[in-house]
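Letter by letter, the chains look like this.
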Amino acid sequence: MAEDLILIAEDDADVRELLDFVVSAAGYQAVTVCDGQAAAQVLTARHPAAVITDVRMPAIDGIDLCRLIRRTAGGDTAVLMFTANALRSEVTAGMDAGADRYLTKPISPRHLLAELQDVLASKRPRRQPCAP
C-alpha cells in the first residue's frame, strides 16, 4: 500500500480539482477519477492509503465503491465519503458500507485534512514496544 497515495473519486470537475489541490498541497500524492468504475480500476493497480469519494457518481456509486474496497482491501484502506447528502439514511448507508468518515459539503480544507490525517493515523499499525 502506498502510504501517501490518496484516490479521489468525484464526478464534479471543480470539486475534484479542489480536492486534488488540497490533498497535494498537504504533501500527499493524489490520483483523481470521475466515477466509481475508474476508481475501482485504480484501487487494484495502485492500492491507495485512502479514498475520498462522492456518494452519487456514474457507473459505480460511492456506497458500492466502499463495499468493493472493504471486500478487496479489508480495513486497510481508509474511506472518506464526501458528499452533499446529509440525510440520515445516506449517512447510515455510507457507514454501514464501511466508510471511516462521512463528510458533507461544503467543508473547509483544514477540516478535510484533519479528518484525512486522523483516519490515516488510525489505520497505521501500532508499534509494539520491545520486550526486555
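Presented here is an overview of the structure given in this document. Quick caveat: nothing in here was measured; it's all calculated off a predicted structure. (Residues numbered from 1 in each chain as written. Predicted model: local features only at pLDDT ≥ 70, side-chain atom pairs only at ≥ 80, totals over all residues. Heavy atoms only, no water.)

### Topic: the overall build of the protein chain
Part 1 of the argument: Across its full length, the protein chain carries five helices and five strands.
Part 2 of the argument: The order of helices and strands in the protein chain, counted from the N terminus, is β-α-β-α-β-α-β-α-β-α.
Part 3 of the argument: In terms of overall size, the protein chain behaves like a compact globule, its C-alpha atoms giving a radius of gyration of 14 Å where 132 residues would be expected to give roughly 14 Å.
Part 4 of the argument: Dimensions of the protein chain along its principal axes, counting C-alpha atoms only, are 55 × 30 × 30 Å.
Part 5 of the argument: Taken across its 132 residues, the protein chain has 42% of its residues classed as buried.
Part 6 of the argument: Across the protein chain, the fraction of contacts at a sequence separation of at least 24, relative to all contacts at a separation of at least 6, is 60%.
Part 7 of the argument: Summing over all exposed atoms, the protein chain offers an accessible surface of approximately 7300 Å²; the carbon and sulfur share of this is 51%. (Helix = DSSP H or I, 4+ residues; strand = E, 2+ residues; numbered from the N terminus. Rg over C-alpha atoms; globule rule 2.2 N^0.38 Å. Buried < 20%, exposed > 50% of the residue type's maximum accessible area, 1.4 Å probe, protein only. Contact = heavy atoms within 4.5 Å. Areas by Shrake-Rupley, 256 points an atom, 1.4 Å probe, with all protein chains shown as cover.)

### Overview of the pairing of strand 5 (residues 101-104)
Part 1 of the argument: Alignment of strand 4 (residues 78-83) against strand 5, held across four bridges, turns out to be parallel. Paired with Phe 82 across the strands is Leu 103, a residue of strand 5.
Part 2 of the argument: At this point the chain moves from strand 4, through helix 4 (residues 88-96), to the parallel strand 5, and the crossover so formed is right-handed. (Pairing = 2+ DSSP bridges. Right-handed = clockwise from strand over helix to strand, strands pointing away.)

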